[in-house]
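# Understanding the architecture of this molecule
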Amino acid sequence: MPAYKRILLKLSGEALMGDDAFGINRATIVRMVQEIREVTQTGVEVAVVIGGGNIFRGVAGGSVGMDRATADYMGMLATVMNSLALADTMRQEGIVARVMSAIGIEQVVEPYVRPKALQYLEEGKVVVFAAGTGNPFFTTDTAAALRGAEIGAEIVLKATKVDGVYSADPKKDPSATRYSRISFDDAISKNLQVLDATAFALCRDQKLPIRVFSILKTGALKRVVMGEDEGTLVHV
Ligand SMILES: Nc1ncnc2c1ncn2[C@@H]1O[C@H](COP(=O)(O)OP(=O)(O)OP(=O)(O)O)[C@@H](O)[C@H]1O
Ligand SMILES: O=c1ccn([C@@H]2O[C@H](COP(=O)(O)O)[C@@H](O)[C@H]2O)c(=O)[nH]1
């Protein structure tokens, strides 16, 4: 029996690159979608937010002199591209998906309308929320927290390149140790950068737990959905 009825899955944009230098690696996106399909087959309602780090990050644009808000809009458009690729791969793998954008771009995808998103979820469709929150100076982690709260998800699952929350960035500090559980207050006070502070604070205030786990580990998503102890649980 799955542990949840409805989940918000935050997929790493960067992980989509696979072993490539940027962009979308075909084998990687197919593997991710197949893992999502296994979860939908358990009857869990799945909404997805995907990042844009494989294509563009606003902070990177801002750091080379671009207007930060303009750079952030480019980042949000990058997430639209990833969302389209994800939904198309879902179609090929037999999943019915709908992309909803926080930025008006109606010739390409439909706009985000909360009741419509809820209807799709109830119908068993996977909903992919594109363009983050629609606002610059935010991230797709915050979009995941926001949409997760809006749709009444029971948990936000952050599928990323590391297998949990560590005492420091494990990519920079090999002596960092992994928590199996950590409270929001501790994660925020220790300034752990695995998610941005806005996302942590929003989930804490809405009492919406987050589980951080590795998208690179085969079967991890299904294990998390089945309530197994995978990665790190961030709790109130
Ligand atoms: N304390 C920490 N514990 C775990 N990971 C950390 C920590 N501090 C920093 N990180 C880094 O955070 C990264 C995950 O967050 P990040 O938002 O950069 O990526 P993502 O969400 O996977 O990608 P994208 O933004 O493209 O969706 C990890 O790859 C890890 O290197
Ligand atoms: O609500 C949002 C979400 C994202 N952005 C911009 O997009 C990029 C890519 O998102 P990641 O979460 O970093 O993968 C982000 O760096 C921002 O520039 C945004 O402005 N608002």
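Residues numbered from 1 in each chain as written. Chains lettered and ligands numbered in written order. Predicted model: local features only at pLDDT ≥ 70, side-chain atom pairs only at ≥ 80, totals over all residues. Heavy atoms only, no water.

### A closer look at the UniProt feature "binding site: ATP" (unreviewed entry) in the chain
The line we're drawing: UniProt positions are given in the numbering used here, feature names are shortened, and annotations may be inferred rather than shown by experiment. Runs of H or I in DSSP of at least four residues are treated as helices and runs of E of at least two as strands, each being numbered from the N terminus. The rule is simple: take the accessible area with a 1.4 Å probe, protein chains only, and divide by the maximum for that residue type; under 20% is buried, over 50% is exposed, in between is partly exposed. Only heavy atoms matter for contacts: two residues are in contact if any of them lie within 4.5 Å across the pair.
Here the UniProt feature "binding site: ATP" (unreviewed entry) sits at Lys10, Leu11, Ser12, Gly13, Gly53, Arg57, Thr160, Tyr166 and Asp169. Spanning 160 residues, the named residues do not form one spatial group; their C-alpha atoms are separated by as much as 23.2 Å. Among the structural elements, Arg57 can be located in the loop between strand S2 (45-50) and helix H2 (58-63). Its relative accessible area of 41% is what places Arg57 among the partly exposed residues. On the secondary structure map, Thr160 appears in strand S6 (residues 155-160). Not counting residues within four places of it along the chain, the set of residues in contact with Thr160 comprises Ser12, Val212, Phe213, Ser214, Ile215 and Leu216.

### Considerations on helix H5 (residues 140-150)
Within H5, eight of the 11 residues are buried, leaving the element largely enclosed by the surrounding structure. Three or more residues of H5 are buried, namely Thr140, Asp141, Thr142, Ala143, Ala144, Ala145, Arg147 and Gly148. Among the structural elements, strand S1 (6-11), S2, helix H3 (68-92), strand S5 (126-130), S6 and helix H7 (197-205) are those in contact with the buried residues of H5. Gly152 sits one or two residues past H5 and shows a positive phi near 70 degrees.

### Brief notes about the site of ligand 1
Under the convention used in this document: Residue proximity to a molecule or strand is established when one non-hydrogen atom of the residue lies within 4 Å of it. Counted as a polar contact is a pair of N or O atoms within 3.5 Å, where, for protein atoms, one must be capable of donating a hydrogen and the other of accepting one, and residues adjacent in sequence contribute only when both atoms are in side chains. Each accessible area is a Shrake-Rupley result for a 1.4 Å probe, and residues are judged covered by the shown protein chains and nothing else. Residues are grouped as follows: Ala, Val, Leu, Ile, Met, Phe, Trp, Tyr, Cys and Pro are nonpolar; Asp, Glu, Lys and Arg are charged; all remaining types, including Gly, are polar.
The environment of ligand 1 is made up of 23 residues, and the closest members are Ser12, Arg57, Lys158, Thr160 and Tyr166. With respect to ligand 1, the side chain of Ser12 contributes an N or O atom lying 2.8 Å from an oxygen atom. The contact in question runs from an oxygen atom of ligand 1 to an N or O atom on the side chain of Lys158, over 2.8 Å. In isolation ligand 1 exposes 640 Å². Once the protein is present, 89% of that is buried. Of all the secondary structure elements, the ones that give two or more residues to the shell around ligand 1 are S1 and S6. For the shell around ligand 1, a count of residues per class yields eight nonpolar, seven polar and eight charged.

### Comments concerning the site of ligand 2
Around ligand 2 lies a shell of 17 residues, among which Arg57, Asp72, Thr133, Asn135 and Thr140 are the nearest. Contacts to ligand 2 include Gly52, whose backbone N or O atom sits 2.8 Å from an oxygen atom. Measuring from an oxygen atom of ligand 2, one finds a side-chain N or O atom of Arg57 at 2.7 Å. Considering each element in turn, the shell around ligand 2 owes the most residues, three residues, to H3. Residues that form the shell around ligand 2 fall into these classes: five nonpolar, 10 polar and two charged.

### Focus on the packing of aromatic side chains
Applicable threshold: Any two of the Phe, Tyr and Trp rings considered here, Trp counted by its six-membered ring, make a pair once their centres fall within 6.5 Å; the pair's planes then place it as stacked at under 30 degrees, edge-to-face at over 60, or tilted in between. When the NZ atom of lysine or the CZ atom of arginine is within 6 Å of a ring's centre and also within 35 degrees of its normal, the charge is said to sit over that ring.
Under the counting rule described, the total for this entry stands at two aromatic pairs. With a centroid separation of 5.4 Å and 85 degrees between ring planes, the pair formed by Tyr112 and Phe129 is classed as edge-to-face. Here Tyr112 is found in the loop between strand S4 (110-111) and helix H4 (114-122), whereas its partner Phe129 is found in strand S5, with 17 residues between them in sequence. The residues Tyr112 and Phe129 share a single accessibility class, namely buried. Each ring, one from Phe184 and one from Phe200, has its centre 6.3 Å from the other, and the planes form 70 degrees; the classification is edge-to-face. Of this pair, Phe184 sits in helix H6 (residues 184-189) while Phe200 sits in helix H7; the two residues are 16 residues apart in sequence, bridging distant segments of the chain. By relative accessible area, which is 1% here, Phe200 ends up buried. Sitting over the ring of Tyr120, Arg98 keeps its end group 5.6 Å from the ring centre.

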